[in-house]
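Observations on the model geometry
Read off the chains here:
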Amino acid sequence: MQPNDARILRGAALFTAVAGAIALVAATALRGSEGAVSVGLGVLVGALFFASGQFALAKVVHHRPDLLMAAAVFVYTTKILLLLVLLVVLRDASFLDGQLFAAGVFVAMVSWLAGQIQGNLKVKTPYVVTDQDTATTARGTDDKATD
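Residues numbered from 1 in each chain as written. Predicted model: local features only at pLDDT ≥ 70, side-chain atom pairs only at ≥ 80, totals over all residues. Heavy atoms only, no water.

What to know about the overall build of the chain
If you tally the helices and strands in the chain, you get four helices and zero strands. Walking the chain from its N terminus toward its C terminus, one meets helices and strands in the order α-α-α-α. Across the 147 residues in the chain, those meeting the buried criterion constitute 27%. The long-range fraction of contacts in the chain, counting pairs at least 24 apart against all pairs at least 6 apart in sequence, stands at 78%. (Helix = DSSP H or I, 4+ residues; strand = E, 2+ residues; numbered from the N terminus. Buried < 20%, exposed > 50% of the residue type's maximum accessible area, 1.4 Å probe, protein only. Contact = heavy atoms within 4.5 Å.)

Describing the environment of S111
With respect to the helices, strands and loops of the structure, S111 is situated in helix α4 (residues 98-123). Given a relative accessible area of 8%, S111 falls into the buried group. Taking the C-alpha atoms as reference points, S111 and A47, 64 residues apart in sequence, are found 9.2 Å from one another. Excluding residues within four positions of it along the chain, S111 makes contact with A12, F15, T16 and A19. Among the polar contacts made by the side chain of S111, one reaches the main-chain carbonyl oxygen of A108 at a distance of 3.3 Å. (Polar contact = N/O pair within 3.5 Å; in protein donor to acceptor, adjacent residues only side chain to side chain.)

Some words on the pattern of salt bridges
Summed over all chains, the structure comprises three salt bridges. Two residues, R31 and D97, come together in a salt bridge whose shortest N-O distance is 2.1 Å. Of this pair, R31 sits in helix α1 (residues 3-31) while D97 is found in the loop between α3 (68-89) and α4, placing the two residues 66 residues apart along the sequence. Residue D97 is classed as buried on the basis of its relative accessible area of 14%. Residues D92 and R91 are paired through a salt bridge, measuring 3.9 Å at the closest nitrogen-oxygen approach. For D92, a relative accessible area of 67% corresponds to the exposed category. (Salt bridge = Lys/Arg side-chain N within 4 Å of Asp/Glu carboxyl O.)

Observations regarding the packing of α1 against helix α2 (residues 33-63)
To characterise two packed helices, one gives the angle between the axes of the helices and the distance between these axes. For the pair α1 and α2, the least separation of the axes is 8 Å and the interaxial angle reads 170°. Here α2 runs roughly antiparallel to α1, going by the angle between their axes. Between α1, through D5, I8, L9, T16, G20, A23, L24, A27, T28 and R31, and α2, the contact on the second element is made entirely by S33, E34, G35, A36, V39, G40, V43, A47, A51, Q54, F55 and A58. Considered class by class, the residues forming the contact of α1 with α2 number 12 nonpolar, seven polar and three charged. (Axes fitted to C-alpha atoms, helices over the stretch in contact; angles between N-to-C directions. Parallel < 35°, antiparallel > 145°, perpendicular 65-115°, else oblique. Nonpolar A, V, L, I, M, F, W, Y, C, P; charged D, E, K, R; others polar.)

Here we look at the nonpolar core
The biggest cluster of nonpolar side chains holds six residues, and these are A23, A27, V39, V43, L100 and A108. In this structure V39 touches A23, L24, A27, L100 and G104, once residues within four positions along its chain are discounted. (Core = buried A, V, L, I, M, F, W, Y, C linked by side-chain atoms within 4.5 Å.)

Description of the UniProt feature "transmembrane region" (unreviewed entry) in the chain
UniProt tags residues 12-30, 36-55, 67-90 and 96-114 as "transmembrane region" (unreviewed entry). Here residues 36-55 is 100% helix and 0% strand, with 27 Å between the C-alpha atoms at its ends. As annotated, residues 67-90 has a helix share of 92% and a strand share of 0%, and its two end C-alpha atoms lie 34 Å apart. (UniProt positions renumbered as here; feature names shortened; annotations may be inferred.)

Let's talk about the packing of aromatic side chains
This model, assessed by the stated rule, comprises two aromatic pairs. Summarising the aromatic geometry, the rings of F49 and F50 are spaced 5.5 Å apart at their centres and angled 85° between planes, so their arrangement reads as edge-to-face. F50 carries the same exposure label as F49, and that label is buried. For the pair F50 and W112, a centre-to-centre distance of 6.4 Å together with 20° between the ring planes defines the contact as stacked. (Phe/Tyr/Trp six-rings, centres within 6.5 Å; stacked < 30°, edge-to-face > 60°.)

Pasting the structure below:
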């Protein structure tokens, strides 16, 4: 994993942890232990959803940058299918409040995206990396070109 990717991942995880802790305290105050479990599980699912995707794509891009788009589609589809399986399994869970679970996932989503945006703005990753030694002379575009 590139240092820039790791920094963005840590920043987004920190945003999500702080927002999740605030949501957990609020849910505990509203509905007690059932609310805490529901929001906590929702924040965990949301954070794992985003972290796993970013981590997997960073690994793929490091080894095979030409497969970025295909890997992104595959990772996203896999995450959605796993999320569907999780929702089917938890559909009739008596220990879970569905609305607070959804609120926890929403808090994780918004805070993860905010942390990721903030991290991307601070990292300033270049879009194009050129080799300074051969950028102009290899293509014959130097100043000494003949007429």
